[in-house]
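# Close look at the chain arrangement
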Amino acid sequence: MQMNGHELKEEGWRPYELEQPPYSQTVEFARDERVNHQLPWFGCARDFPPEFNVAGLFWRPVQS
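Residues numbered from 1 in each chain as written. Predicted model: local features only at pLDDT ≥ 70, side-chain atom pairs only at ≥ 80, totals over all residues. Heavy atoms only, no water.

## Some remarks on the nonpolar core
Rule in force here: Nonpolar core, defined: a set of buried Ala, Val, Leu, Ile, Met, Phe, Trp, Tyr and Cys residues in which side-chain atoms within 4.5 Å join the residues together. Three labels apply to residues, based on accessible area from a 1.4 Å probe with only protein chains included: buried if under 20% of the type maximum, exposed if over 50%, partly exposed otherwise in between. Only DSSP runs of H or I with at least four residues qualify as helices, and only runs of E with at least two residues qualify as strands; both kinds are numbered from the N terminus onward. Note on contacts: a residue pair is in contact if any heavy atoms of the two residues lie within 4.5 Å.
Counting residues in each nonpolar core, the largest one holds seven residues, listed as Tyr 16, Val 27, Phe 29, Ala 45, Phe 48, Leu 57 and Trp 59. When contributions to this core are tallied by element, the ones reaching two or more residues are β2 (27-31) and β4 (57-61). Apart from residues no more than four positions distant in its own chain, Ala 45 is found in contact with Tyr 16, Pro 21, Tyr 23 and Phe 29. Grouped together as the second largest cluster of nonpolar side chains are five residues, Met 3, Leu 8, Trp 13 and Phe 58 included.

Below, the structure is given as structure tokens:
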């Protein structure tokens, strides 16, 4: 799945720059395809190094 930011928002993804996920909660991340062609992945915001580039990054809670 690779989508642009508009498509991600339509599907309920939240822009990281406006709303950060809970620090220790595992969520699904995806990046706007216009910024970087990168497949979605699961992780926690606490695992990002300080220099991690959040441009075009979106997240959504993990479905249980």
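## Things to note about the packing of aromatic side chains
For clarity, the cut-off: Aromatic rings from Phe, Tyr and Trp, taking only the six-membered ring of Trp, are treated as a pair when their centres fall within 6.5 Å; an angle between ring planes under 30 degrees marks them as stacked, one over 60 as edge-to-face, and anything in between as tilted.
Applying the stated criterion across every chain yields a total of four aromatic pairs. Judged by centre distance (5.5 Å) and plane angle (25°), the rings of Phe 29 and Trp 41 are stacked. Of the two residues, Phe 29 is situated in strand β2 and Trp 41 in strand β3 (residues 41-43); the sequence distance between them amounts to twelve residues. Centroid distance Phe 29 to Phe 48: 5.1 Å. Interplanar angle 55°. Geometry classified as tilted.

## Re the environment of Leu 18
Within the secondary structure layout, Leu 18 lies in the loop between β1 (14-15) and β2. Among the residues examined, Leu 18 registers a relative accessible area of 72% and is labelled exposed. Considered as a pair, Leu 18 and Arg 34 are 16 residues apart in the sequence and their alpha carbons are 18 Å apart.

## Here we look at the sheet that holds β4
For the record, the criterion: When DSSP finds two or more bridges between two strands, those strands count as paired.
Spatially, the four strands line up as an open sheet ordered β1-β4-β2-β3, and their pairing is antiparallel. Since the sheet does not close on itself, it has two edges, and those belong to β1 and β3, each with one partner. Sheet topology note: the β2/β3 ladder contains three bridges and is antiparallel. For Glu 28, the partnering residue across the bridge sits in β3 and is Phe 42.

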